[in-house]
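Here's the letter readout for the chains.
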Amino acid sequence: MSDSKQQQTIVTNQQVSEAAPLHAWISQNLDVLVKLMVFTAALFAFPIVTFFVTLHSLFDGNTTYAGGAAALMANVIVGLYIVVAMLERPKESVTNEKKKD
């Protein structure tokens, strides 16, 4: 085999070995990533919706109160994310590794 083919084989094997742990990590933590994406979308959308809904229906055009309601909604979402994260149970593979140590 020529040197260039060996180098290509080595690079290809390194790329595969580097990609495999990332793929395994994503598949093991998919539920956590989904929760993060859902709460990120909620943190973006809910305060904006709260601002515009309360602006005319609840506070009669007072932007200060509507902004306060939007800020309150953002804090509620962050608090819910913290609660959900604290109530999450560790996977068995993680607890088994800790017991072995």
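Look up: the structure comes first, before these words.
Let me begin by describing the structure that accompanies this report. On a predicted model such as this, the values are computed, not experimentally measured, just so you know.

What counts, and at which threshold
Residues numbered from 1 in each chain as written. Predicted model: local features only at pLDDT ≥ 70, side-chain atom pairs only at ≥ 80, totals over all residues. Heavy atoms only, no water. Helix = DSSP H or I, 4+ residues; strand = E, 2+ residues; numbered from the N terminus. Contact = heavy atoms within 4.5 Å. Phe/Tyr/Trp six-rings, centres within 6.5 Å; stacked < 30°, edge-to-face > 60°. Buried < 20%, exposed > 50% of the residue type's maximum accessible area, 1.4 Å probe, protein only. Expected span 1.5 Å × (residues − 1). Polar contact = N/O pair within 3.5 Å; in protein donor to acceptor, adjacent residues only side chain to side chain. Axes fitted to C-alpha atoms, helices over the stretch in contact; angles between N-to-C directions. Parallel < 35°, antiparallel > 145°, perpendicular 65-115°, else oblique. Left-handed = near helix turned anticlockwise from the far one by under 90°.

Points about the side chain of T50
Then, number 1: Mapped onto the elements, T50 comes out in helix α2 (residues 30-57).
Then, number 2: Setting aside anything within four residues of it in sequence, one finds T50 in contact with A69, A70 and M73.

Structural notes on the packing of aromatic side chains
Then, number 1: Overall, the coordinates contain three aromatic pairs when judged by the stated rule.
Then, number 2: Ring centres 5.0 Å apart and planes at 85° place the aromatic pair F51 and F52 in the edge-to-face group.
Then, number 3: You can call F52 exposed: its relative accessible area is 53%.
Then, number 4: On the numbers, 5.7 Å between centres and 55° between planes, the contact of F59 with Y65 is tilted.
Then, number 5: By relative accessible area, which is 25% here, F59 ends up partly exposed.
Then, number 6: Relative accessible area serves as the criterion here: at 51%, Y65 is assigned to the exposed category.

A few points about helix α3 (residues 63-87)
Then, number 1: Between its first and last C-alpha atoms α3 spans 36 Å; for 25 residues at 1.5 Å apiece the expected length is 36 Å, and the two agree.
Then, number 2: For α3, the full list of buried residues reads A66, A69, A70 and I77.
Then, number 3: Of the surrounding elements, those touching the buried residues of α3 are α2.
Then, number 4: At the N-terminal end of α3, a side-chain oxygen is found 3.1 Å from the backbone nitrogen of T64, two or three residues along, and the residue is N62.

A word on the packing of α2 against α3
Then, number 1: For the pair α2 and α3, interaxial distance at closest approach is 8 Å and the crossing angle is 160°. When the interaxial angle is binned, α2 and α3 end up roughly antiparallel. Of the two elements, α2 crosses α3, and the hand of that crossing is right-handed. Contact with α2, carried on its side by K35, L36, F39, A42, L43, F46, P47, T50, F51, T54 and L55, involves T63, A66, G67, A69, A70, M73, A74, I77, V78, L80, Y81 and V84 of α3 and no other residues of that element.

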